[in-house]
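Remarks on the overall topology
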Amino acid sequence: MRISYRAHGGAQDYWQRRWDDVAVDSGSINLDRYPGRFAEHALKLARPAGPVLEAGCGAGRVLRHYHERGVEIIGLDFIASVLAAIHREDARIPLAAGDITNLPFPNETFSAVLAFGLYHGLEAGLDEAMADTRRVIKTGGVLCASMRLDNLQNRMTDRLAGTSASSERLRFHKLNLTTAEFKALATRAGFEVETVQYVENMSFLYKFPALRHASQRVFRENEARGKGYRFNLTGNILQRGAMAIAPAQMANLAVITARAI
Ligand SMILES: C[S@@+](CC[C@H](N)C(=O)[O-])C[C@H]1O[C@@H](n2cnc3c(N)ncnc32)[C@H](O)[C@@H]1O
């Protein structure tokens, strides 16, 4: 496991500022890309029937997509203001303020939990968070979660962001786990891992505007979050080539789908 450090005021401060700067997402997501592709797969596997939790729902792209399509889904986040902003757009969306390490739900409530980009933000309590996630999923239900990888891609991303683990001004930013560590974390909490897939969500190559798709050369976060981070031809050749050669090293994230046993 490797830890990334950045110059901000800690996890809550980072997400508060991030969501203060971004408009609420629409429910329009690309189901061929992360995270839509993985959410779709997980919800098809989810048994027994029951509601779905999106843990760490943020600005609501996944939550709104499924709510608008009639799925019984609730969003949870520890940033109350982003939940209030979602409710200003649509007050009927079920939301809960809370922390992933101490979920405000009874045991065995959900048929599936979606948790994209959440667990790697925990400076402490990773095992406790995974155990509490298991507690609220019905036995046989599904967890679909992504984790920042301890690999070359994220080392390069951190280097470009000027991150250095030795500077005292920097604060905890993200955990980076190997695939084996991520699988062991889920197994310890009472899951059987069914699949692990490597995902290039926002590659370090995307930091170079010359490699981005023309429609995203000027970066608009909500659009990129909805459609996926898109490259032009050169960017695609570089990124796809790198992913074909060494997916475990060139992906940002690993996504696991795991069954509660
Ligand atoms: C990478 S964002 C993902 C947002 C959303 N799932 C998506 O895919 O667009 C991670 C989210 O987790 C939330 N979060 C981080 N730590 C949390 C915690 N300990 N408890 C609850 N939510 C947390 C953040 O506020 C943020 O909204």
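Here the structure is a predicted model, which means the values were calculated and not measured. (Residues numbered from 1 in each chain as written. Predicted model: local features only at pLDDT ≥ 70, side-chain atom pairs only at ≥ 80, totals over all residues.)

**Digging into the nonpolar core**
By size, the foremost hydrophobic cluster in this structure holds 51 residues, and its most contacted members are A112, V113, L114, A115, L143 and C144. For L143, the contacting residues outside a window of four places in its chain are V113, A115, T133, I137, F191, A258 and A260. One finds A59, I79, V82 and I86 within the second-largest nonpolar core, a separate group that totals six residues. (Core = buried A, V, L, I, M, F, W, Y, C linked by C-beta atoms within 7 Å. Buried ≥ 20, exposed ≤ 12 C-beta atoms within 10 Å, placed from the backbone. Contact = placed C-beta atoms within 7 Å.)

**What to know about the pairing of strand β6 (residues 137–148)**
A large share of β6 lies buried, amounting to nine of its twelve residues. Across five bridges, strand β5 (residues 110–115) lies against β6 in parallel orientation. By the bridge assignment for β6, L114 is matched with C144. On the question of chirality, the crossover connecting β5 to the parallel β6 by way of helix α5 (residues 126–136) is right-handed. For β6 and strand β9 (residues 253–260), the ladder comprises seven bridges, and the chain directions are antiparallel. (Helix = DSSP H or I, 4+ residues; strand = E, 2+ residues; numbered from the N terminus. Pairing = 2+ DSSP bridges. Right-handed = clockwise from strand over helix to strand, strands pointing away.)

**Some thoughts on the sheet that holds strand β2 (residues 52–55)**
Strand order in the open sheet formed by seven strands is β4-β3-β2-β5-β6-β9-β8, and the pairing between neighbours is mixed. In the strand order of this sheet, the two ends are held by β4 (95–97) and β8 (191–199), each with one partner. The mean angle between the axes of side-by-side strands here comes to 15°, regardless of whether they run parallel or antiparallel. Of the strands in this sheet, β3 (73–77) and β4 touch helix α4 (residues 80–89), which is tilted by about 160° from β4. (Axes fitted to C-alpha atoms, helices over the stretch in contact; angles between N-to-C directions.)

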